[in-house]
Amino acid sequence: LAKTTQPISMDSYEGQEVNITCSHNNIATNDYITWYQQFPSQGPRFIIQGYKTKVTNEVASLFIPADRKSSTLSLPRVSLSDTAVYYCLVGDGAYSGAGSYQLTFGKGTKLSVIP
Amino acid sequence: DAGVTQSPTHLIKTRGQQVTLRCSPKSGHDTVSWYQQALGQGPQFIFQYYEEEERQRGNFPDRFSGHQFPNYSSELNVNALLLGDSALYLCASSLAREDSTEAFFGQGTRLTVV
């Protein structure tokens, strides 16, 4: 499984754009890049998934360079409610054909939004 | 749609005992995965059930076992509890799809072993 490296923590002021970068040098050809958000005492919540270039949804954008060895999660105009741990996940790309992908979480990035 | 529901929410057990945790997946989902999350760590994959069979397993001992029922609900059983088994146990449901890594997590069961 490809290992991911992301900052342990980040601080941001309300209303700013936040970019969290994840390094995954050993990503396999078929691996997706996925980000999850987790609030204290809750289960993780899916944010976004991408394979290459840029993906955008109503919550965030995911930027993936051509070599796919890193990715950046971009959160526009964060608010206090965005304070959470953000996990970058990269799988082994091998879909078994039965069931879903196994998710491998690291320690994540603890984002603190300051008023 | 109630989403993923887990029961109980909290549980205290004595070392050496056995415990059963339960999970009802999101409506329409056919795959259930279980994760263990220690304090300050990310969730660790225990195993995944699809079509009532264990399909994938993480690095957990045989004391951890599970089951999936025909209605897709699932149970996680842990035997011979150790103090180190104290953690938040998360259930995640998903659709078996090759093009998606999206899973929906429950609120978890907080297990304390004393």
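Up top is the structure these notes are about.
All values reported here derive from a predicted model rather than from experimental measurement.

Peer 1: Help me out: how do you make sense of the interface of chain A and chain B in this one?
Peer 2: Frequently, the measure chosen for interface size is the accessible area removed from exposure when the parts meet. Residue-level contacts link 21 residues of chain A with 26 residues of chain B. Together, the buried faces of chain A and chain B total about 2,100 Å²; carbon and sulfur atoms form 49% of this surface. Our enumeration of links across chain A and chain B arrives at 0 salt bridges. Here the side of chain A that touches chain B takes 3 residues from strand 3 (residues 33-38) of chain A, the largest share from any one element. Class assignment of the residues belonging to the side of chain A that touches chain B gives a composition of 10 nonpolar, 10 polar and 1 charged.

Peer 1: It is not clear to me how the state of the cysteines should be interpreted in this structure. Could you clarify?
Peer 2: Simply put, the disulfide is a covalent bond whose two ends are the sulfur atoms of two cysteines. The full count for this structure, using the stated rule, is 2 disulfides over all chains. Across the disulfide from C22(A) sits C88(A); the S-S distance is 2.2 Å. Where C22(A) bonds to C88(A) through sulfur, the torsion about that S-S bond is close to -80°, and the disulfide is left-handed. Residue C22(A) is found in strand 2 (residues 18-23), and its partner C88(A) is found in strand 8 (residues 84-90); the two are separated by 66 residues along the sequence. Judged by relative accessible area, which is 0%, C22(A) ranks as buried. Residue C88(A) is classed as buried on the basis of its relative accessible area of 0%. A sulfur-sulfur distance of 1.8 Å marks the disulfide that ties C23(B) to C91(B). Taking the torsion about the S-S bond as the criterion, the C23(B) to C91(B) disulfide, at about -60°, is left-handed.

Peer 1: Can you walk me through the pairing of strand 11 (residues 109-113) of chain B in this structure?
Peer 2: As a general feature of sheets, a regular strand has side chains that alternate between the two faces. All names here are of chain B. Only one face of strand 11 is buried, namely the one carrying T109, L111 and V113, since none of R110 and T112 on the opposite face is buried. Of the pairings in the sheet, the one linking strand 2 (residues 10-13) to strand 11 comprises 4 bridges and is parallel in character. Residue pairing for strand 11: I12 is matched across the bridge by T112. Pairing of strand 9 (residues 87-94) with strand 11, which is carried by 3 bridges, proceeds in the antiparallel orientation. Bridge pairing links L88 to R110 in strand 11.

Peer 1: I keep staring at the pattern of salt bridges and nothing clicks. Help me out?
Peer 2: All names here are of chain B. Counted according to the given criterion, the structure contains 5 salt bridges over all chains. For E54, the salt bridge is made with R57, and the minimal N-O distance between the two is 3.1 Å. On the basis of relative accessibility, which here comes to 29%, the residue R57 falls in the partly exposed class. The salt bridge involving D85 is made with R63; its shortest N-O contact spans 2.9 Å. With D85 in the loop between strand 8 (74-78) and strand 9 and R63 in the loop between strand 6 (53-57) and strand 7 (64-68), this pair connects stretches of sequence that are 22 residues apart. As far as burial versus exposure is concerned, D85 and R63 are alike and both buried.

The rules we used
The numbering scheme is per chain: residues are counted from 1 as the chain's sequence reads. To label them, take the chains in the order written and letter them from A, then take the ligands in the order written and number them from 1. Under the rules for a predicted model, residues below a pLDDT of 70 receive no local features and side-chain atom pairs below 80 are neither given nor counted, while totals for whole chains, interfaces and linings still include all residues. Think of the side-chain values as coming from all heavy atoms in the structure, minus any hydrogens and water. The contact definition used throughout considers only heavy atoms, calling two residues in contact when any of these lie within 4.5 Å. Joining two parts hides part of their accessible area as seen by a 1.4 Å probe, and the buried area is that hidden amount summed over both. Should a side-chain nitrogen of Lys or Arg be within 4 Å of a carboxyl oxygen of Asp or Glu, the pair is scored as a salt bridge. Here a strand is any run of E in DSSP of at least two residues, a helix any run of H or I of at least four, and the numbering for each starts at the N terminus. Each residue is assigned to one of three groups, with Ala, Val, Leu, Ile, Met, Phe, Trp, Tyr, Cys and Pro labelled nonpolar, Asp, Glu, Lys and Arg labelled charged, and all others, Gly among them, labelled polar. Throughout, disulfides are identified as pairs of cysteine sulfur atoms within 2.5 Å of each other. Type-normalised accessible area, obtained with a 1.4 Å probe on protein chains alone, sets the label of each residue: buried when under 20%, exposed when over 50%, and partly exposed for intermediate values. By definition, two strands form a pair when at least two bridges between them are found by DSSP.

So yeah, pure geometry; function would need other evidence.
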